[in-house]
Amino acid sequence: MGYDLTLEDVRDLAEGAALLGTGGGGDPYIGRMLVERQLRAGRRIHVIGVDELPDDALVLPSAMMGAPTVFVEKLPSGDGNLAALRALERHLGRSAAATMPIECGGLNSMMPLLLAAQADLPVVDADGMGRAFPELQMETFAVYGVPGSPMSIASDHGDVGIVEAVDNRRMEHLARALTVQMGGAAYICDYPMDAATVRRTAIPGTLTLARRLGATLRRARQEHADPFAALSATLADTIYTHSRVLFAGKVVDVDRRTVDGFARGRVTLADAADDGDTLEIVFQNEHLVARRGGRVLAIVPDLICTLNSETGTPVTTEALSYGQRLTVFAISTPPIMRTPEALEVFGPAAFGLHEPYTPVEDLNQPMPARRQPRQGQMA
């Protein structure tokens, strides 16, 4: 059964999406403000399961494209969102029955909600990343055979275009170039597909999961409970089964640049005890690998999240700054994202990382207890 989002739901969903965005996907606060304005104007946002649509219903996923740092410096108006949808509908000669996220993290969890309100469409409770990734071909849709184009792209200035690419990687390159020319941020609709294909290729229930995670953090703050233990308890009965704290400390260095439409760099945290123990995270919009003393603790596509150590509030890559007290929290990805086909598209090698993918739960096995010698034996 579908449900309508309330203002509190949107706030919870935005915070949960910031967590699932694993540092990227853009700051959801901006999108949340746009969505809340629609609800206050009396518009409805109705979330449905994909099983509620007939097999041949047209679903048009929607998102914003660009470097998260750009969204902070130049706030989007949301006007290009509807323009992108209408352009793709005209090109296809069909009207959309629903929209959905291409990713469930950060700002891009909010843009389909905004579009649903603007166009009076339901939004499907699923997505194609299960987190956030920086490139358009990094979708479960693409992994399992869905072409991303034709896609539409629009700016806040009235520019609209259609991209028909020979493959999904080429679609990313062409759309990225257009995004840069549109000022570093653009609205897109891509991966047009029917509901039967969504059921086969999407990660289900991720909007509802984001809402649950945001509500978990809100209640933990209200009850002065451990937010990380609360998150682990919520995740345990989902398809994101494994989660754990990897490190807690202070940010001592941030190297961040906006290059070719991406926020690239690394952040280093020092242990709170100031004993020389450090953890480094490398990111490309999203966190890709966490290394402690050179040893990998978590690696893409598993989620590496940075959160305020006291409140559990997620901190995105563009908001990282010297002196912050952060806890690094890792979450396992669903099985559909760990297949050989999926890892070829968005595993470590796709980002130029040399380490192989190893599940976070295997990288962080508890150390075996040391056997105590019996009386009279040497230790």
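Just above, that's the structure.
Note that the structure is a prediction, hence the values are computed from the model and not measured. (Residues numbered from 1 in each chain as written. Predicted model: local features only at pLDDT ≥ 70, side-chain atom pairs only at ≥ 80, totals over all residues. Heavy atoms only, no water.)

Tracing the backbone shows threonine 206 in helix H9 (residues 206–222). Judged by relative accessible area, threonine 206 falls into the buried class, the value being 0%. If we skip the residues at most four places from it in the chain, threonine 206 touches Leu20, Cys104, Asp125, Ala126, Asp127 and Tyr240. (Helix = DSSP H or I, 4+ residues; strand = E, 2+ residues; numbered from the N terminus. Buried < 20%, exposed > 50% of the residue type's maximum accessible area, 1.4 Å probe, protein only. Contact = heavy atoms within 4.5 Å.)

On to helix H7 (residues 168–181), then. Here H7 contains 14 residues, and its C-alpha end-to-end distance of 20 Å stays within 8% of the 20 Å for a straight helix at 1.5 Å per residue. For H7, every residue scored as buried is listed here: Asn168, Met171, Glu172, Ala175, Arg176 and Thr179. Here the buried residues of H7 occupy an arc of 130 degrees about the axis, which is enough to place them on one side. Turning to H7, the residues buried within the fold contact strand E3 (58–66), helix H6 (140–143), strand E7 (151–154), strand E9 (185–189) and strand E13 (262–271). The opening residue of H7 is aspartate 167, an N-cap whose side-chain oxygen sits 3.2 Å from the backbone nitrogen of arginine 169. One or two steps after H7, the chain reaches glycine 183, where phi turns positive at roughly 105 degrees. (Expected span 1.5 Å × (residues − 1). Arc of directions from axis to C-beta. Polar contact = N/O pair within 3.5 Å; in protein donor to acceptor, adjacent residues only side chain to side chain.)

Across the sheet, which stays open at both edges, the seven strands sit in the order E16-E15-E14-E13-E12-E18-E17 with antiparallel pairing between neighbours. Where the open sheet ends on each side, the last strands, each with one partner, are strand E16 (295–299) and strand E17 (303–308). Neighbour to neighbour, the strand axes of the sheet diverge by 35 degrees on average, direction disregarded. Sitting on the sheet, helix H10 (residues 227–235) is in contact with strand E12 (243–259), E17 and strand E18 (325–331), with an inclination near 15 degrees to E18. (Pairing = 2+ DSSP bridges. Axes fitted to C-alpha atoms, helices over the stretch in contact; angles between N-to-C directions.)

Time to look at the packing of helix H1 (residues 7–20) against helix H5 (residues 107–119). At their nearest, the axes of H1 and H5 sit 8 Å apart, and the two run at 145 degrees to each other. Note on element contacts: H5 touches H1 through Ser109, Met110 and Leu113, opposite Val10, Leu13, Ala14 and Ala17. Of the residues contributing to the contact of H1 with H5, the split by class is six nonpolar, one polar and no charged. (Nonpolar A, V, L, I, M, F, W, Y, C, P; charged D, E, K, R; others polar.)

This brings us to the packing of aromatic side chains. Applying the stated criterion across every chain yields a total of four aromatic pairs. When the ring of phenylalanine 228 is compared with that of phenylalanine 329, the centres are 6.1 Å apart and the planes differ by 40 degrees; the resulting orientation is tilted. Highlighted residues: phenylalanine 228 in helix H10 and phenylalanine 329 in strand E18, separated in sequence by 101 residues. The exposure class of phenylalanine 228 is buried, given its relative accessible area of 8%. Among the residues examined, phenylalanine 329 registers a relative accessible area of 0% and is labelled buried. Three or more aromatic residues joined by ring pairs form one cluster here, namely Phe133, Phe346 and Phe351. For arginine 211, the ring lying beneath its charged end belongs to tyrosine 3, and the centroid distance is 4.4 Å. (Phe/Tyr/Trp six-rings, centres within 6.5 Å; stacked < 30°, edge-to-face > 60°. Lys NZ or Arg CZ within 6 Å of the ring centre and 35° of its normal.)

Before going further, it helps to spend a moment on the pattern of salt bridges. Per the stated rule, a full pass over the model turns up 19 salt bridges. Across the salt bridge formed by glutamate 172 and arginine 176, the nearest N and O atoms sit 2.8 Å from each other. Pair noted here: glutamate 172 and arginine 176 are both in helix H7, with a separation of four residues, about one helical turn. Each of Arg11, Arg32, Glu36 and Arg40 takes part in salt bridges that share partners, so that together they form one network. (Salt bridge = Lys/Arg side-chain N within 4 Å of Asp/Glu carboxyl O.)

Moving on: the packing of helix H4 (residues 79–92) against H5. Two elements in contact, H4 and H5, have axes whose closest approach is 9 Å; the angle formed by their N-to-C orientations is 75 degrees. Comparing their axes, H5 and H4 come out roughly perpendicular. In this structure, H4 uses Asn81, Leu82, Leu85 and Arg86 to contact H5, whose residues at the interface are Met111, Leu114, Leu115, Gln118 and Ala119. For the contact of H4 with H5, the per-class residue count stands at six nonpolar, two polar and one charged. (Parallel < 35°, antiparallel > 145°, perpendicular 65-115°, else oblique.)

Looking at the largest pocket, its volume works out to about 210 Å³. The wall of the largest pocket is formed by Arg11, Ala14, Glu15, Ala18, Asp27, Pro28, Tyr29, Arg32, Thr313, Pro314 and Thr316. Among the elements of the structure, H1 and helix H2 (28–40) are those that each provide at least two residues to the lining of the largest pocket. Of all the elements, H1 adds the most residues to the lining of the largest pocket, at four residues. (1 Å grid on protein atoms, 1.4 Å probe; cavity = no way out; pocket = protein on both sides within 12 Å on 5 of 7 lines; lining within 4 Å. Points joined across faces, edges and corners; volume = space filled by probe spheres on them.)

What follows covers H5. Helix length check: H5, at 13 residues, gives a terminal C-alpha distance of 19 Å against a target of 18 Å (1.5 Å per residue), a fit within 8%. Judged by how many residues are buried, H5 sits mostly within the fold: twelve of 13 residues are covered. Burial in H5 covers these residues: Leu107, Asn108, Ser109, Met110, Met111, Pro112, Leu113, Leu114, Leu115, Ala116, Ala117 and Ala119. Positive backbone phi, at 55 degrees, marks aspartate 120, one or two positions downstream of H5.

Below, the discussion takes up the environment of alanine 319. Here alanine 319 lies in the loop between E17 and E18. The class of alanine 319 is partly exposed, set by a relative accessible area of 38%. With near-sequence residues (within four places) excluded, alanine 319 lies in contact with Arg256 and Gln324.

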